[in-house]
Amino acid sequence: MVNVLLQLYPVIPATRTEREEQRPMGRNSERYQQLLGGWHDIVRAADRLGVWGVATVEHHFHSEGYEVGPNPGVLDAYWAAITSNVRVGQLGYVMSAQNPIRVAEETAILDHLSGGRTFVGFARGYQSRWTNILGQHLGARATLSPSGTPEEKMALLTDAQKAQRFADDKANREVFEEQVDLVLRAWSEDSIESKGRWEIPFPYREGIDWTMEATREIGAPGEMDDAGKIRRVSVVPAPLTRPHPPIFVSSNASRATIEYCGPRGFIPAYFSKIERASEYGRAYVEAARMAGRDYALGQNQALVRWGNIAPTMEQARRNVEAWDVDVFRDLYGGTTPMVFDPANPVDSVLASGLWVIGSPDEVRDQYLEQWRQLPAEYVVLIYHYAQQPAESVIENVEMFMEHVKPALDEVTSSYTSQGSL
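The following refers to the structure shown. (Residues numbered from 1 in each chain as written. Predicted model: local features only at pLDDT ≥ 70, side-chain atom pairs only at ≥ 80, totals over all residues. Heavy atoms only, no water.)

**Notes on the overall build of the chain**
In step 1: Across its full length, the chain holds 15 helices and 14 strands.
In step 2: In terms of C-alpha radius of gyration, the chain reaches 22 Å, essentially the compact-globule figure of 22 Å for 421 residues.
In step 3: Each of the three principal axes of the chain carries a C-alpha extent, and together these read 75 × 55 × 45 Å.
In step 4: Looking at the chain as a whole, 54% of its 421 residues qualify as buried.
In step 5: Taking as baseline every contact in the chain between residues at least 6 positions apart, the subset at least 24 positions apart corresponds to 72%.
In step 6: About 18,500 Å² of surface is accessible on the chain, with carbon and sulfur atoms providing 51% of the total.
In step 7: With 41 positive and 56 negative side-chain charges, the chain shows a separation of 3 Å between the mean positions of the two kinds. (Helix = DSSP H or I, 4+ residues; strand = E, 2+ residues; numbered from the N terminus. Rg over C-alpha atoms; globule rule 2.2 N^0.38 Å. Buried < 20%, exposed > 50% of the residue type's maximum accessible area, 1.4 Å probe, protein only. Contact = heavy atoms within 4.5 Å. Areas by Shrake-Rupley, 256 points an atom, 1.4 Å probe, with all protein chains shown as cover. Lys, Arg positive; Asp, Glu negative; His and termini not counted. Charge placed at Lys NZ, Arg CZ, Asp CG, Glu CD.)

In structure tokens:
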């Protein structure tokens, strides 16, 4: 079975002219308030339609009104309260700019509020405007390695800029992995200490003076020493799900990320063309196997796709032009290796390999072709709501669940039964 995860990128709806005339659109309170109402309707619909999970993104400072999503955990808590079956989560907390203790606490509470219907996503952070600011005390900077950058964008970088990007990428990964490890420890251990970027206690050598004698008697073992010093801390509460909720890691399918996720049982979410995702899907299986985890091809992996299902391909292209082109041109074209061609705006979007559009039959057939290369256990569907209206998002999810998911379920079942996964 293929698990469908609905990821909405919160875009305050506006034309390009309106964004210019009413700048900064990201602070338009009235439009954001309207966006929330329809968003909750979509989440309720996803719950009714049997969608596996609903999620949003963590991004900050989007003055332009694109991806206004600074606190996914708050939304998750509300969604848990208005749904009965769907899982709630995020793709994901940017761990190079987060406090790992706060993430462990918040996600554990979300797990309890949802009755175990949660998942947790981690990301490394590719947008320098906010990752560099919020990650400054950790020594983290945004990751945007020149690897995989198109030639026309590479030509704009000096050798020094390329070297700096590689250095930033390396530092970001080190911070990310250390932070995630601390979250895992906070979830699973009754008490923790740390001598890394986070000293626990602080200061680590001296400990923390603590006059609450009861801690020595009823707190976590070893938390307080005989001299009245705190030596460890207990992160409460523990998650309801044991050992912890499912963990997703957003990835552009770099081998380093795959080799990190596989041995830990993390679910990589591939924001990449099917050719690369298929290649690294096999690498994931091998990396997991080396650590004693036996996965079939596609199992415990997610393929991420934007898209539009419409009565005809022509209508789907018009929808992409109306709802996706502005975001692609202004945001993705400006912050990622994706290239925008103003002479062919819709074709630029489709050339990324991340969009699947057309009639129900055309979309089903495109997905089937991709699933024959990587029969992923999860598919993440992304929509630029509310640039795309709520009713259209709901219709798209309905058509996916009716026309596409059953066909993908057959593919994954066939691979599993043949033992070739």
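**Remarks on the pairing of strand E3 (residues 87–90)**
In step 1: Judged from the 4 bridges that link them, strand E2 (residues 53–56) and E3 form a sheet pairing that is parallel. The residue of E3 that forms the bridge with Gly 53 is Arg 87.
In step 2: Crossover handedness for the path E2 to helix H3 (residues 72–82) to E3: right-handed. (Pairing = 2+ DSSP bridges. Right-handed = clockwise from strand over helix to strand, strands pointing away.)

**With respect to the nonpolar core**
In step 1: In terms of nonpolar packing, the biggest core is built from 79 residues, with Leu 6, Trp 39, Phe 122, Tyr 367, Trp 371, Tyr 385 and Phe 400 touching the most fellow members.
In step 2: The biggest single contributor to this core is helix H15 (residues 390–418), with 10 residues.
In step 3: Beyond its immediate chain neighbours, meaning those up to four positions away, Tyr 367 contacts Arg 305, Val 356, Val 379, Leu 381, Phe 400, Val 404 and Leu 408.
In step 4: One finds Phe 248, Ala 302, Val 320 and Phe 328 within the second-largest nonpolar core, a separate group that totals 33 residues. (Core = buried A, V, L, I, M, F, W, Y, C linked by side-chain atoms within 4.5 Å.)

**Section: the environment of Arg 173**
In step 1: Mapping Arg 173 onto the fold places it in helix H7 (residues 159–188).
In step 2: We classify Arg 173 as buried; its relative accessible area is 14%.
In step 3: Spatially, the C-alpha atoms of Arg 173 and Ala 140 are 8.7 Å apart, while their sequence positions differ by 33 residues.
In step 4: Here Arg 173 is in contact with Arg 124, Ser 254, Ala 256 and Thr 257, once residues within four sequence places are set aside.

**Concerning empty space enclosed by the protein**
In step 1: Per the stated rule, a full pass over the model turns up 1 cavity of 30 Å³ or more.
In step 2: Roughly 50 Å³ of internal volume is contained in the largest cavity.
In step 3: At the level of secondary structure, the elements contributing two or more residues to the lining of the largest cavity comprise strand E12 (302–309), helix H14 (360–373), strand E14 (378–383) and H15.
In step 4: With 4 residues, E12 is the single largest residue contributor to the lining of the largest cavity. (1 Å grid on protein atoms, 1.4 Å probe; cavity = no way out; pocket = protein on both sides within 12 Å on 5 of 7 lines; lining within 4 Å. Points joined across faces, edges and corners; volume = space filled by probe spheres on them.)

**Comments concerning the environment of Ser 191**
In step 1: Structurally, the position occupied by Ser 191 is in the loop between H7 and strand E6 (194–195).
In step 2: Taking the C-alpha atoms as reference, Ser 191 lies 9.4 Å from Val 236; in sequence the two are 45 residues apart.
In step 3: Polar contacts involving the side chain of Ser 191 include one to the side chain of Arg 232, which spans 2.7 Å. (Polar contact = N/O pair within 3.5 Å; in protein donor to acceptor, adjacent residues only side chain to side chain.)

**Notes on the packing of H7 against helix H9 (residues 255–264)**
In step 1: Contact geometry of H7 with H9 gives a least axis separation of 13 Å together with a crossing angle of 15°. The angle between H7 and H9 falls in the class roughly parallel. Two packed elements cross with a definite hand, and for H7 against H9 that hand is right-handed. Listed contacts from H9 to Arg 173, Phe 176, Glu 177 and Val 180 of H7 are Ala 256, Thr 257 and Tyr 260. (Axes fitted to C-alpha atoms, helices over the stretch in contact; angles between N-to-C directions. Parallel < 35°, antiparallel > 145°, perpendicular 65-115°, else oblique. Left-handed = near helix turned anticlockwise from the far one by under 90°.)

**Points about the layout of surface pockets**
Empty space among the atoms becomes apparent when a probe as large as a water molecule is rolled across them.
In step 1: By volume, the second largest pocket amounts to about 560 Å³.
In step 2: Residue lining of the second largest pocket: 27 residues in total, with Ser 128, Leu 144, Arg 165, Gly 334 and Thr 335 positioned closest to the centre.
In step 3: It is helix H12 (residues 325–335) that contributes the most residues to the lining of the second largest pocket, 5 residues altogether.
In step 4: Class assignment for the residues of the lining of the second largest pocket results in 8 nonpolar, 12 polar and 7 charged. (Nonpolar A, V, L, I, M, F, W, Y, C, P; charged D, E, K, R; others polar.)

**Looking at the side chain of Ser 191**
In step 1: Relative accessible area serves as the criterion here: at 8%, Ser 191 is assigned to the buried category.
In step 2: Once you skip the residues sitting within four places of it in the chain, Ser 191 turns out to touch Ala 220, Pro 221, Arg 232, Val 233 and Ser 234.

**Concerning the packing of aromatic side chains**
We describe a pair of aromatic rings using the distance from one ring centre to the other and the angle between the two ring planes.
In step 1: Using the criterion set out here, one finds 18 aromatic pairs in the structure.
In step 2: Taking 6.2 Å as the distance between ring centres and 90° as the angle between the ring planes, the aromatic pair formed by Phe 328 and Tyr 332 counts as edge-to-face. Of this pair, Phe 328 and Tyr 332 both sit in helix H12, separated by 4 residues, roughly a single helical turn.
In step 3: Residue Phe 328 is classed as buried on the basis of its relative accessible area of 0%.
In step 4: We classify Tyr 332 as buried; its relative accessible area is 3%. (Phe/Tyr/Trp six-rings, centres within 6.5 Å; stacked < 30°, edge-to-face > 60°.)

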